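# Structural overview for review
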There are 2 protein chains.
Amino acid sequence: MSKLTIQNIADLAGVNKATVSRVLNGNKNISEKTRLKIEKIMKEHNYVPNSIARGLAFNKTFTVGFCFDYTDKKAFANPFFYKVLQGIEDVIYDNEYLLLMMSDHDKKGGKSTFERIVVEHRVDGLLLPDTLLNQANYELLIEHEMPFVIIGEHSLQQEGIRWVDVDNVQAAGILTERLLALGHRSIVMYAGAADGRRDKFIADRMEGYRAVMGQHGLEAHIVEQADSLATLRAFEGGEAGNNGHNPEAVICCTHELLFEMLDWEHGNPMLKEISLATFDDYPMFRHLKHPVHYVEIDLEMMGKQAAGLLFSLINKEANPAQSIRIPTSIVN
Amino acid sequence: MSKLTIQNIADLAGVNKATVSRVLNGNKNISEKTRLKIEKIMKEHNYVPNSIARGLAFNKTFTVGFCFDYTDKKAFANPFFYKVLQGIEDVIYDNEYLLLMMSDHDKKGGKSTFERIVVEHRVDGLLLPDTLLNQANYELLIEHEMPFVIIGEHSLQQEGIRWVDVDNVQAAGILTERLLALGHRSIVMYAGAADGRRDKFIADRMEGYRAVMGQHGLEAHIVEQADSLATLRAFEGGEAGNNGHNPEAVICCTHELLFEMLDWEHGNPMLKEISLATFDDYPMFRHLKHPVHYVEIDLEMMGKQAAGLLFSLINKEANPAQSIRIPTSIVN
DNA sequence: TTGAAAGCGCTAACAT
DNA sequence: ATGTTAGCGCTTTCAA
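Residues numbered from 1 in each chain as written. Chains lettered and ligands numbered in written order. Predicted model: local features only at pLDDT ≥ 70, side-chain atom pairs only at ≥ 80, totals over all residues. Heavy atoms only, no water.

With that settled, the discussion passes to the overall build of chain A. Tallying secondary structure elements over chain A gives 12 helices and 12 strands in all. Summarising the internal contacts of chain A: among those between residues at least 6 apart in sequence, 63% fall at separations of at least 24. A total accessible area of about 15100 Å² is found for chain A, and carbon and sulfur atoms account for 49% of it. (Helix = DSSP H or I, 4+ residues; strand = E, 2+ residues; numbered from the N terminus. Contact = heavy atoms within 4.5 Å. Areas by Shrake-Rupley, 256 points an atom, 1.4 Å probe, with all protein chains shown as cover.)

As assigned here, chain A comprises domain 1 (6-58), domain 2 (63-161 + 300-327) and domain 3 (168-296). Spacing between the C-alpha centres of domain 1 of chain A and domain 2 of chain A amounts to 34 Å. (Domains from an automatic or database assignment.)

This part covers the packing of aromatic side chains. Residue and element names in this part refer to chain A. In the structure shown here, the tally under the stated rule is 11 aromatic pairs over all chains. Taking the centre distance of 5.7 Å and the plane angle of 40° together, the rings of Tyr190 and Trp264 count as tilted. Highlighted residues: Tyr190 in strand β6 (residues 187-190) and Trp264 in helix α11 (residues 255-264), separated in sequence by 74 residues. The exposure class of Trp264 is partly exposed, given its relative accessible area of 24%. Among the aromatic side chains, those forming a connected cluster through ring pairs are Phe58, Phe62, Tyr97 and Phe311. In this arrangement the basic side chain of Arg205 is found over the ring face of Phe279, its NZ or CZ atom lying 4.0 Å from the centre. (Phe/Tyr/Trp six-rings, centres within 6.5 Å; stacked < 30°, edge-to-face > 60°. Buried < 20%, exposed > 50% of the residue type's maximum accessible area, 1.4 Å probe, protein only. Lys NZ or Arg CZ within 6 Å of the ring centre and 35° of its normal.)

Residue and element names in this part refer to chain B. Strand order across the open sheet formed by six strands is β7-β6-β8-β9-β10-β12, with mixed pairing between neighbours. The open sheet has two edge strands, β7 (221-223) and β12 (328-330), and neither has a second partner. Going from strand to strand, the sheet's axes swing by 25° on average, the running direction of each strand aside. Across four bridges, the pairing between strand β9 (residues 275-279) and strand β10 (residues 292-297) is parallel. Bridge pairing in β10 places Ala277 opposite His293. Seen against the sheet, helix α11 (residues 255-264) touches β6 (187-190), β8 (249-252), β9 and β10 and runs at an angle of roughly 155° to β9. (Pairing = 2+ DSSP bridges. Axes fitted to C-alpha atoms, helices over the stretch in contact; angles between N-to-C directions.)

UniProt marks residues 4-58 of chain A with the feature "domain: HTH lacI-type" (unreviewed entry), using the numbering shown here. Annotated as 67% helix and 0% strand, the span residues 4-58 of chain A places its first and last C-alpha atoms 20 Å apart. (UniProt positions renumbered as here; feature names shortened; annotations may be inferred.)

Near DNA strand D, the surroundings consist of 27 residues, among which A:Ile6, A:Lys17, B:Asn16, B:Arg22 and B:Thr34 are the closest. Protein-adjacent atoms of DNA strand D, using a 4 Å cutoff, are sugar or phosphate at a proportion of 62%. A distance of 2.7 Å separates a phosphate oxygen of DNA strand D from a polar side-chain atom of B:Thr19. Elements with a contribution of two residues or more to the surface near DNA strand D: α2 (17-24) and α4 (51-58) of chain A together with α2 (17-24) and α4 (51-58) of chain B. With five residues, α2(A) is the single largest residue contributor to the surface near DNA strand D. Its residues assigned to classes, the surface near DNA strand D comprises 13 nonpolar, 10 polar and four charged. (Near = heavy atom within 4 Å. Polar contact = N/O pair within 3.5 Å; in protein donor to acceptor, adjacent residues only side chain to side chain. Nonpolar A, V, L, I, M, F, W, Y, C, P; charged D, E, K, R; others polar.)

We now examine the protein's contact with DNA strand C. Taken together, 27 residues lie around DNA strand C, and A:Thr19, A:Arg22, B:Ile6, B:Lys17 and B:Tyr47 are the ones closest in. Backbone atoms, meaning sugar plus phosphate, form 65% of the atoms of DNA strand C positioned within 4 Å of the protein. At 2.7 Å, a side-chain N or O of A:Thr34 approaches a phosphate oxygen of DNA strand C. A distance of 2.9 Å separates a phosphate oxygen of DNA strand C from a polar side-chain atom of B:Arg54. When residues of the surface near DNA strand C are traced back to their parent elements, those giving at least two are α2 and α4 of chain A together with α2 and α4 of chain B. Looking at the surface near DNA strand C, the element that brings in the most residues is α2(B), giving five residues.

Structure, rendered in structure tokens:
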């Protein structure tokens, strides 16, 4: 039974519980002799301090929250999610912390889980995807002085928001370079429609693509709406005034767009002639009907950096790192 | 600032903090008048009780743990994981609980996270996959009187272990029925090699398949090891003494086996003639080079049932449900 | 170096 | 119906 309290140990050792507390917290003011005696007794009885009581005294939870977004399938049902998680866990466990996970479920009438966790101070800090940092959540975090780090670059314009993200400009750049190296010249980027403001990560990918195309003296063709290969071609023809041949390569800005395209073109022989490319690996790529080029992202590193940054905020370290951009590499 | 304590509210209301505590906990012994007054003050000041202090007094954490297994990709990188999770969260949040997630990371030297959480009583109950319930973990849970429910049927022989699982016997049965309905007679099950003891869920799938084949007067052909379609055929020929034609349909017991097969047979025209089937949906199935039949599982329900069962254990309800088997249905 | 005592914020007898 | 008081298990002054 782990019902042992610090008082029990103190009694067994014939000392005051304050003394036991001191060995628990590595206090220097204690004789080697009594420290060893107490440690021995703690081992023998498998004593484990009650972390709740500890938390109450310290006013800490020793827990970091990780909020995820069910609606963001991309970030959840694929390796993105768990590789990042693995990185996060690594550093959290190293710090003797635990991970509280939540989705941003709205509860009918009551508070959302996110709100509850912040308001009740159930965690010492929070990691959350950019998609979940809206104005309301932001204000809540600030009001309750809850340290947080965004995973994915935030689109909110507030100063002082720390985030960790893939370097999407660079990623789009090397992806474009790769397609150029394969001999392609007519490279189209399929970006998807922007409802309202364009997502930052898409905008960055567009930028990286444009830059590299420009460097090679080629024209960038970005398609927002499409529903067939023909649409991609038509756009290109209209925009650039060339004679409307098929693109040699298409960069899809998200997996969704890629799969959408594959759905349209199922069985279309023209597809075979086209190089497809996108961002982030996906374990099923090798089983697809069509090969796909993609950039590789060190997601575990991303998780580690995010958690590390969060801890430096939690511990109020002097000069916490600024926001961090993770570079990507191309697969062969 | 959420620095308000119960004492502050008591002072503002001109009552004792015990009275405030009573309205917090819905105690009946309180006049409508003072209750309303206190509630008003709490609202005005956005008072939120400190859940750690609450936990200390109640000796509860108001947190349920969910342990997952990184090594089990099947249970993690696909919808299995998050649909179950969604069900779990639903009932947890309804109960005003929170979800602590962890992987069973072994820490060099120190305790694993699992161990820490159990020993430190950081949660009131635990949900964990069968793959993680080994003898050591089981004993730890019992020793610390930690309520738990297994997701997936356990293979440990201890009595009184509660679990929630898909009815794999039934699932294999209806899958086999479906293939028979398509006119196939030569149906092979590819089960994969059993290293050590055969996983329970595979054994169940084998059983369901055998039963239905038997009912139709057909011979069951279960292949454990294979590395090509030819191997499947050779086995069939050797076993049944027929002339070694290709199977008309192959049921792969896991997604891994299915993908393995697709890898072998990439570009093999024979594959086109064969119906493939497996368990659980997978969002990429429709993009595969080859159509796949599968059974549908109400995973959200599974999560809800598991969490519900756990709560009845945590709350020491009189007659907690026994282990639960979730039926599956076939997709059309 | 060690002990005594107060306090973290809340609940729960026991009084009144 | 409300107040008083003693914990829950730990940390942390302040004394000794």
